[in-house]
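Here are the chains, one letter per residue:
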Amino acid sequence: MLWVGIVLAVQGFGSFLTERAWDTEFGVTALLPDSTPSWVGLLVGVVGLAVIAMTAPRSRGSARD
C-alpha cells in the first residue's frame, strides 16, 4: 500500500506542476477529460501523501518495552 501512496503522490504533484509550468498534461491528468480543473492533480497528490502517512511504520515509542 505504501507504493500506491508513492505513485499517487508523484503522479498527482507531477501532473499539477507539469500543467502549471509547461501547460501540458502528464500522468493522471492526461487520463481525465479536458474540462477537469487543474487542482485535481494536486488533490491526487495529497491523497497519496495521506496513504503514505497511514501506511508508514510507526517507529516512535513502539519499540520500547
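Structure first, text after, so check above.
Residues numbered from 1 in each chain as written. Predicted model: local features only at pLDDT ≥ 70, side-chain atom pairs only at ≥ 80, totals over all residues. Heavy atoms only, no water.

Asker: Before we go on, may I ask you to explain the overall build of the protein chain in this structure?
Answerer: Looking only at helices and strands, the protein chain features 3 helices and 0 strands. Order of helices (α) and strands (β) in the protein chain, N terminus to C terminus: α-α-α. Considering the protein chain as a whole, with its 65 residues, one finds that 22% of them fall into the buried category. Of the contacts made within the protein chain by residues no fewer than 6 positions apart, 59% connect residues no fewer than 24 positions apart. Looking at the protein chain as shown, the accessible area adds up to about 4900 Å², and 67% of this sits on carbon and sulfur atoms. (Helix = DSSP H or I, 4+ residues; strand = E, 2+ residues; numbered from the N terminus. Buried < 20%, exposed > 50% of the residue type's maximum accessible area, 1.4 Å probe, protein only. Contact = heavy atoms within 4.5 Å. Areas by Shrake-Rupley, 256 points an atom, 1.4 Å probe, with all protein chains shown as cover.)

Asker: Honestly, helix H3 (residues 39-55) in this entry has me stumped. Any pointers?
Answerer: Owing to its 3.6 residues per turn, the α-helix brings residues three or four apart onto one side. Taking 1.5 Å of rise per residue, 17 residues should cover 24 Å, and H3 covers 25 Å from first to last C-alpha, within 8% of that figure. Every buried residue of H3 is listed here: Val40, Gly41, Val44, Gly45, Gly48 and Val51. Along the axis of H3, the buried positions cluster into a sector of 145°, meaning they face one direction only. Those residues of H3 that are exposed and angled more than 90 degrees off the buried face are Trp39 and Met54. On its buried face, H3 is in contact with helix H1 (2-22) and helix H2 (28-31). (Expected span 1.5 Å × (residues − 1). Arc of directions from axis to C-beta.)

Asker: Even after reading the chapter, I still don't get the environment of Arg20, so can you show me in this structure?
Answerer: In this structure, Arg20 sits in helix H1. For the pair Arg20 and Ser38, spaced 18 residues apart in sequence, the C-alpha to C-alpha distance is 8.2 Å.

Asker: Help me out: how do you make sense of the side chain of Thr18 in this one?
Answerer: Along the chain, Thr18 falls in helix H1. Relative accessible area serves as the criterion here: at 15%, Thr18 is assigned to the buried category. Residue contacts for Thr18: discarding those within four places in its chain leaves Asp23, Thr24 and Phe26.

Asker: Looking at this model, I keep getting lost on the environment of Thr36. Mind explaining?
Answerer: Tracing the chain through its elements places Thr36 in the loop between H2 and H3. Taking the relative accessible area as the measure of exposure, Thr36 reaches 25% and is therefore partly exposed. For Thr36, the side chain forms a polar contact with the main-chain oxygen of Pro33, separated by 2.9 Å. (Polar contact = N/O pair within 3.5 Å; in protein donor to acceptor, adjacent residues only side chain to side chain.)

None of this, on its own, says anything about what the molecule does.
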